[in-house]
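Below are the chains, spelled out letter by letter.
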Amino acid sequence: MTDDDPDRDIRCQDALQAAYRELVSAAIMAGWAEREVVLAIGELADKHLLSLETNDNADALIALLRRMT
């Protein structure tokens, strides 16, 4: 699969689907409500994306500062 595959995001979701279901099931078996689990996963994903964006911004700033010196 190439980086420009128009279905890349769907293929990624398909690849993660089984592990996602197992994670949700394990959390439910540990006593969490399904809605709580899905919301928590979403919040974790949002925080992870924010972290990636912050790192990208820091890398861009570092590159800019290096060019200025």
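Our structure's up above, just so we're on the same page.
Keep in mind it's a predicted model, so treat the numbers as computed, not measured.

**Focus on the overall build of the protein chain**
Looking only at helices and strands, the protein chain features two helices and zero strands. The globule rule puts the C-alpha radius of gyration for 69 residues at 11 Å, and the 18 Å found for the protein chain is more than 25% above it. Across its three principal axes, the protein chain shows a C-alpha extent of roughly 55 × 30 × 15 Å. In the protein chain, which comprises 69 residues, the proportion classed as buried is 6%. When the accessible area of the protein chain is evaluated, it comes to approximately 6,200 Å², of which 59% is carbon and sulfur surface. Here the protein chain contributes 7 positive and 14 negative side-chain charges, whose respective centroids are spaced 4 Å apart.

**Some details on the pattern of salt bridges**
Two side chains that carry opposite charge are able to pair once their charged atoms sit near each other. In the structure shown here, the tally under the stated rule is two salt bridges. We note a salt bridge from Asp3 to Arg8, for which the minimum N-O separation is 3.6 Å. Taking relative accessible area as the criterion, Arg8 reaches 33% and is therefore assigned partly exposed. Asp5 serves as the salt-bridge partner of Arg11, at 2.9 Å between the closest nitrogen and oxygen.

**Brief notes about helix H1 (residues 8-29)**
Given a rise of 1.5 Å per residue, 22 residues ought to cover 32 Å, and the 32 Å separating the end C-alpha atoms of H1 matches this to within 8%. Just downstream of H1, Gly31 is the residue with a positive phi angle, here 110 degrees.

**Thoughts on the packing of H1 against helix H2 (residues 34-68)**
It is at 9 Å that the axes of H1 and H2 come closest, and there the two elements cross at 130 degrees. For the element pair H1 / H2, the angle class is oblique. With respect to the hand of their crossing, H1 and H2 are arranged in right-handed fashion. Packed against H1, whose contacting residues are Tyr20, Leu23, Val24, Ala27 and Ile28, the element H2 presents Glu34, Val37, Val38 and Ile41 at the interface.

Conventions adopted
- Residues numbered from 1 in each chain as written.
- Predicted model: local features only at pLDDT ≥ 70, side-chain atom pairs only at ≥ 80, totals over all residues.
- Heavy atoms only, no water.
- Helix = DSSP H or I, 4+ residues; strand = E, 2+ residues; numbered from the N terminus.
- Rg over C-alpha atoms; globule rule 2.2 N^0.38 Å.
- Buried < 20%, exposed > 50% of the residue type's maximum accessible area, 1.4 Å probe, protein only.
- Areas by Shrake-Rupley, 256 points an atom, 1.4 Å probe, with all protein chains shown as cover.
- Lys, Arg positive; Asp, Glu negative; His and termini not counted.
- Charge placed at Lys NZ, Arg CZ, Asp CG, Glu CD.
- Salt bridge = Lys/Arg side-chain N within 4 Å of Asp/Glu carboxyl O.
- Expected span 1.5 Å × (residues − 1).
- Axes fitted to C-alpha atoms, helices over the stretch in contact; angles between N-to-C directions.
- Parallel < 35°, antiparallel > 145°, perpendicular 65-115°, else oblique.
- Left-handed = near helix turned anticlockwise from the far one by under 90°.
- Contact = heavy atoms within 4.5 Å.

Keep in mind that these numbers describe shape and distance, not what the molecule does.
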